[in-house]
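Working through the structure, step by step
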Amino acid sequence: MPHTRPATAAIAFGSNLGASADTIARAAAHLRAHPQILSLRLSPLYRTAPVGYADQPDFTNAAAIIETTLSARSLLALMQQTEQDFGRERPFPNAPRTLDLDLIDYAHTASDDPALTLPHPRAHLRAFVVRPLSDLDPAYPIGRHGTAGALAETLGTAGITRLEAV
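The structure presented is a predicted model; accordingly, all values stated were derived computationally and were not measured.

With respect to the overall build of the chain
Secondary structure summary: the chain contains four helices and eight strands in total. Of the regular secondary structure in the chain, the N- to C-terminal order runs β-α-β-β-β-α-β-β-β-α-α-β. Computed over the C-alpha atoms, the radius of gyration of the chain is 15 Å, within 12% of the 15 Å expected from 2.2 N^0.38 for a compact globule of 166 residues. Across its three principal directions, the C-alpha atoms of the chain cover 45 × 35 × 35 Å. For the chain, with 166 residues in total, the buried portion stands at 46%. Contacts in the chain between residues at least 24 apart in sequence constitute 66% of all its contacts with a sequence separation of at least 6. Carbon and sulfur atoms form 54% of the exposed surface of the chain, whose accessible area is close to 8,500 Å². Of the charged side chains in the chain, 14 are positive and 16 negative, and the gap between their average positions amounts to 2 Å.

Have a look at this one:
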């Protein structure tokens, strides 16, 4: 059943293969063009060191805050299809990728469903998620962990550098 009232959601973008900045911009435009995505605001881009599997290029990361009439599951399906459309492969956990989209929050709801855990279970631990999200809305809540701005302050800037607009 479609979600009829608009919901606010936060999405994290990442890429470390190919023209990453361009990929993120094109992926944001692709999502923005969907008829049930009413608005999408994209943060500035950041360069960040890889987490988990370290033997790979640095990532380009961003965040978006959207308004959508898609349900959380439909939004997740759209994001996964977008990753696939942009050449995402999953040879092993934390592998390099052309595009990574994570649903960080959907309407400030909690879900323990393994297929869709909300808020994202590690978002509050990742500067490459909370710093760009804080650029868009420092008061944006990440579950019970605090706001994007407070979490960004706590996590600091080690391993993350804001890229200048081109």
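As for the pattern of salt bridges
Using the criterion set out here, one finds five salt bridges in the structure. The closest approach of N and O atoms between Arg 26 and Asp 22, which form a salt bridge, is 3.1 Å. Placement of both Arg 26 and Asp 22 in helix H1 (residues 20-32) is noted, with a separation of four residues, approximately one turn of the helix. Note that Arg 88 and Asp 100 form a salt bridge whose closest N and O atoms lie 2.9 Å from each other. With a gap of 12 residues between them, Arg 88 in the loop between helix H2 (72-85) and strand S5 (100-106) and Asp 100 in strand S5 connect regions that are remote in the sequence. A relative accessible area of 16% places Arg 88 in the buried class. The class of Asp 100 is buried, set by a relative accessible area of 14%.

Some details on helix H3 (residues 127-136)
Extensive coverage of H3 is indicated by the burial of nine of its 10 residues. Residues of H3 that are buried: Ala 127, Phe 128, Val 129, Val 130, Arg 131, Pro 132, Leu 133, Ser 134 and Leu 136.

Considerations on the layout of surface pockets
Roughly 780 Å³ of volume is contained in the largest pocket. Along the wall of the largest pocket there are 35 residues; nearest its centre are Asp 100, Leu 101, Asp 102, His 120 and Arg 122. Mapped onto the lining of the largest pocket, the elements with two or more residues apiece are strand S1 (7-15), strand S4 (59-68), H2, S5, strand S7 (116-118) and H3. With four residues, the top contributor of residues to the lining of the largest pocket is S5. A class-by-class count of the residues in the lining of the largest pocket yields 18 nonpolar, eight polar and nine charged. Looking at the second largest pocket, its volume works out to about 230 Å³. The wall of the second largest pocket is formed by 13 residues, among which Ala 110, Leu 118, Pro 119, Gly 143 and Arg 144 lie closest to the centre.

Description of the UniProt feature "domain: 7,8-dihydro-6-hydroxymethylpterin-pyrophosphokinase" (unreviewed entry) in the chain
What UniProt calls "domain: 7,8-dihydro-6-hydroxymethylpterin-pyrophosphokinase" (unreviewed entry) maps, in this numbering, to residues 11-138. Secondary structure content for residues 11-138 is 29% helix and 29% strand, and the end C-alpha separation is 15 Å.

As for the nonpolar core
Residues Ile 11, Phe 13, Ile 66, Leu 75, Leu 103 and Tyr 106 are the most contacted members of the largest nonpolar core, which totals 26 residues. Of all elements in the fold, only S1, H1, strand S2 (37-42), S4, H2, S5 and S7 reach the threshold of two or more residues within this core. At five residues, H2 tops the list of elements feeding residues into this core. In this structure, Leu 75 is in contact with Ala 9, Ile 11, Ile 37, Ile 66, Thr 68, Leu 70, Leu 103 and Tyr 106, ignoring residues within four places of it in sequence. Ranked by size, the runner-up nonpolar core spans 19 residues in total, among them Tyr 46, Ile 65, Ile 104 and Ala 148.

Some points on the packing of H1 against H2
Two elements in contact, H1 and H2, have axes separated by 11 Å at closest approach and are oriented at 135 degrees. When the interaxial angle is binned, H1 and H2 end up oblique. Between H1 and H2 lies a crossing whose hand is right-handed. Taking contact as the criterion, the partners of Ala 27, His 30 and Leu 31 in H1 are, on H2, Leu 78, Thr 82 and Asp 85.

Rules behind the numbers
- Residues numbered from 1 in each chain as written.
- Predicted model: local features only at pLDDT ≥ 70, side-chain atom pairs only at ≥ 80, totals over all residues.
- Heavy atoms only, no water.
- Helix = DSSP H or I, 4+ residues; strand = E, 2+ residues; numbered from the N terminus.
- Rg over C-alpha atoms; globule rule 2.2 N^0.38 Å.
- Buried < 20%, exposed > 50% of the residue type's maximum accessible area, 1.4 Å probe, protein only.
- Contact = heavy atoms within 4.5 Å.
- Areas by Shrake-Rupley, 256 points an atom, 1.4 Å probe, with all protein chains shown as cover.
- Lys, Arg positive; Asp, Glu negative; His and termini not counted.
- Charge placed at Lys NZ, Arg CZ, Asp CG, Glu CD.
- Salt bridge = Lys/Arg side-chain N within 4 Å of Asp/Glu carboxyl O.
- 1 Å grid on protein atoms, 1.4 Å probe; cavity = no way out; pocket = protein on both sides within 12 Å on 5 of 7 lines; lining within 4 Å.
- Points joined across faces, edges and corners; volume = space filled by probe spheres on them.
- Nonpolar A, V, L, I, M, F, W, Y, C, P; charged D, E, K, R; others polar.
- UniProt positions renumbered as here; feature names shortened; annotations may be inferred.
- Core = buried A, V, L, I, M, F, W, Y, C linked by side-chain atoms within 4.5 Å.
- Axes fitted to C-alpha atoms, helices over the stretch in contact; angles between N-to-C directions.
- Parallel < 35°, antiparallel > 145°, perpendicular 65-115°, else oblique.
- Left-handed = near helix turned anticlockwise from the far one by under 90°.

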